[in-house]
Amino acid sequence: MTFKTSLFLILCMGSAVFCFAEPDAPTVPSTTLPSIQWNSSYITIDGEPFLIRGINYNISYPKMLDGNVPFEVLVEDIRRIKKAGFNTIRTYWPLSPKLLDVIEQEGLMVIQSVSRVDHKTDFNSTTELERLKVDAAQIIQRDKNRKCILMWALWNDAPFPKNVVKTYGSKTVDNFFGELYRSAKKEDPTRPITASNILNAPGYEAGLGHMDVIGVNIYLGISWLTGEYSPKRAQKNFEDLLKIREKYQKPVYVAETGYSTFWKASSQEIVIPAQIRLVGKKLAGIILFEWQDEWQKFKDWNTHDDHVEEHWGLLDGFRNEKSAFPTITELFQPPKPKKSDIDWK
């Protein structure tokens, strides 16, 4: 049986919860699905190298709960993302079938989140593991006949705040991730499974070996204390990414990087182009964090707080371009890569 699912956020005491609705009919494919393959370094679509030039996207708008954001705003977001030169959208919650229709029409790819694993997850609980498997299976069955799905994403930011590896142990966390991976893979063996871990956090390698394509959250070159950007630090971060690729013999991409305009030590105009050029064609791709400022990150939806987490957007919350946007747009519209352009293995 396949399932139609609807995701919405229940906001209660500041927390968000996955919710799934009743079964419905599966998505009907409009055309032949692309052939997505991967080797030790890169992804291909229909035999052609595909370098991820992505943007992280979460549905939000100032002073509105996500479910109240007009659909026209989301459609305009997708069209502008395409025009800006991005080829991939990475999600934190499953996007709705209606929005996926728009994304497919625009010719974009999606790294679709299918389960919510975080620091609140009980990694000793078989019941919780089974619930996460069901959540993932529902979304995969609903969306696997779509052309726009590049990969399925199982978790983000592991080992999470309140480090779960310290709490449960590396083996327990890794086994939990492995079980979730194998269950999701049965639902769709044709696409890669991914997730993202925080580079060099204690225990950050838990789960890496289970991913088909490895996502790493690393804000290249940035000091989180001051916002200072260091090319030397960025180079060290990049070399660590290459070591992960060499160790696991899997494609590695930067799942989150960027610069918050809360900081004054540098600027998006300086930092983000440097991050893009550093990654270049040497990894499977790079995804910037994020499309627009999100007012709800620190306190509530009604105030744009003076806090680092609420100023990462390339646009402000009302979708006005920040000053770095034209430069990034130019960098993210390169010619289509050829096999001779990259270090194909």
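Look up: the structure comes first, before these words.
Residues numbered from 1 in each chain as written. Predicted model: local features only at pLDDT ≥ 70, side-chain atom pairs only at ≥ 80, totals over all residues. Heavy atoms only, no water.

Q: Looking at this structure, I do not really get the sheet that holds strand β3 (residues 48-50). What am I missing?
A: Hydrogen bonding along the main chain pairs the strands of a sheet, whether they run parallel or antiparallel. On the basis of which strands lie adjacent, the open sheet formed by three strands has the order β1-β2-β3 and antiparallel pairing. Taken across any chain shown, the strands that pair with only one partner, and hence form the sheet edges, are β1 (36-38) and β3. Averaged over all pairs of adjacent strands, the angle between their axes in this sheet comes to 40 degrees, without regard to strand direction. As paired strands, β1 and strand β2 (residues 43-45) are joined by three bridges and run antiparallel to one another. Its bridge partner lying in β2, W38 is registered against I43. (Pairing = 2+ DSSP bridges. Helix = DSSP H or I, 4+ residues; strand = E, 2+ residues; numbered from the N terminus. Axes fitted to C-alpha atoms, helices over the stretch in contact; angles between N-to-C directions.)

Q: Hey, could you run me through the nonpolar core in this one?
A: Among soluble globular proteins, nonpolar side chains are generally buried collectively. Of all hydrophobic cores here, the largest spans 85 residues; its most connected members are I78, I81, F86, I103, W155, L241 and L288. If one sorts the elements of this core by residue count, helix α5 (residues 170-187) sits on top with six residues. By size, the runner-up hydrophobic cluster in this structure holds 15 residues, among which are I45, F50, Y253 and A284. (Core = buried A, V, L, I, M, F, W, Y, C linked by side-chain atoms within 4.5 Å. Buried < 20%, exposed > 50% of the residue type's maximum accessible area, 1.4 Å probe, protein only.)

Q: How should the environment of Q292 be read in this particular structure?
A: Along the polypeptide, Q292 turns up in the loop between β11 (285-288) and α8 (325-331). For Q292 and D316, which are 24 residues apart along the polypeptide, the C-alpha to C-alpha distance reads 5.3 Å. Separated by 2.9 Å, the side chains of Q292 and S60 make a polar contact. (Polar contact = N/O pair within 3.5 Å; in protein donor to acceptor, adjacent residues only side chain to side chain.)

Q: It is not clear to me how the environment of Y259 should be interpreted in this structure. Could you clarify?
A: Secondary-structure assignment places Y259 in the loop between β10 (252-257) and α7 (268-279). Residue classification places Y259 among the buried residues on the basis of a relative accessible area of 0%. When the C-alpha atoms of Y259 and Y229 are compared, they prove to be 9.2 Å apart, with 30 residues separating the residues in sequence. Dropping the residues within four chain positions of it, Y259 is found in contact with I222, G227, A265, S266, S267, Q268, V271, I272, H311 and W312. There is a polar contact of 2.6 Å between the side chain of Y259 and the backbone oxygen of G227. Among the polar contacts made by the side chain of Y259, one reaches the main-chain amide nitrogen of S266 at a distance of 3.0 Å. (Contact = heavy atoms within 4.5 Å.)

Q: Would you mind going over helix α2 (residues 97-106) with me for this structure?
A: Because an α-helix packs 3.6 residues into every turn, residues spaced three or four apart end up facing the same way. Listing the buried residues of α2 in full gives P97, L99, L100, V102, I103 and E104. Buried residues in α2 make contact with β4 (52-57), α1 (71-83), β5 (88-91), β6 (109-113) and α3 (126-143).

Q: What exactly am I supposed to notice about the packing of α1 against α2 here?
A: In a packed pair of helices, the relevant descriptors are the angle between the two axes and the axis-to-axis distance. Relative to each other, α1 and α2 sit at 25 degrees, their axes nearing to 10 Å. Relative to α2, the element α1 is oriented roughly parallel. With respect to the hand of their crossing, α1 and α2 are arranged in right-handed fashion. Taken together, the residues of α2 that come into contact with α1 (itself represented by F71, L74, V75, I78, R79 and K82) are K98, L99, V102, I103 and E106. Class assignment of the residues belonging to the contact of α1 with α2 gives a composition of seven nonpolar, no polar and four charged. (Parallel < 35°, antiparallel > 145°, perpendicular 65-115°, else oblique. Left-handed = near helix turned anticlockwise from the far one by under 90°. Nonpolar A, V, L, I, M, F, W, Y, C, P; charged D, E, K, R; others polar.)

Q: Which parts of the structure should I look at to understand the environment of D240?
A: Note on placement: D240 falls in helix α6 (residues 231-248). By relative accessible area, D240 is classed as buried at 8%. Beyond its immediate sequence surroundings of up to four residues, D240 is in contact with L199 and N200.

Q: Just to check I follow, could you spell out the packing of α3 against α5 for this structure?
A: At their nearest, the axes of α3 and α5 sit 9 Å apart, and the two run at 30 degrees to each other. As far as their axial angle goes, α5 and α3 are roughly parallel. The chirality of how α3 crosses α5 is right-handed. Here α3 contributes L129, L132, K133, A137, I140 and Q141 to the contact with α5, which in turn contributes F176, E179, L180, S183, A184 and E187.

Q: Just to check I follow, could you spell out the sheet that holds β10 for this structure?
A: The eight strands lie next to each other as β4-β5-β6-β7-β8-β9-β10-β11, forming a closed barrel whose pairing is parallel. Strand-to-strand twist in this sheet, taken as the mean axis angle between neighbours without regard to direction, amounts to 25 degrees. Inspection of the sheet shows β4 paired to β5 by four bridges, in the parallel sense. For G54, the partnering residue across the bridge sits in β5 and is T88.

Q: Please explain the packing of aromatic side chains as it appears in this structure.
A: For any pair of aromatic rings, the description consists of the separation of the ring centres together with the inter-plane angle of the planes. Enumeration according to the criterion identifies 18 aromatic pairs in this entry. Ring plane angle 55 degrees and centroid distance 5.3 Å describe the contact between Y259 and W263, whose orientation is recorded as tilted. For the pair Y259 and W263, a shared accessibility class is recorded, and that class is buried. The ring of F71 carries the charged tip of K98 above its face, separated from the ring centre by 4.3 Å. Over the face of the ring belonging to W93 we find R116, whose NZ or CZ atom lies 4.3 Å from the ring centre. (Phe/Tyr/Trp six-rings, centres within 6.5 Å; stacked < 30°, edge-to-face > 60°. Lys NZ or Arg CZ within 6 Å of the ring centre and 35° of its normal.)

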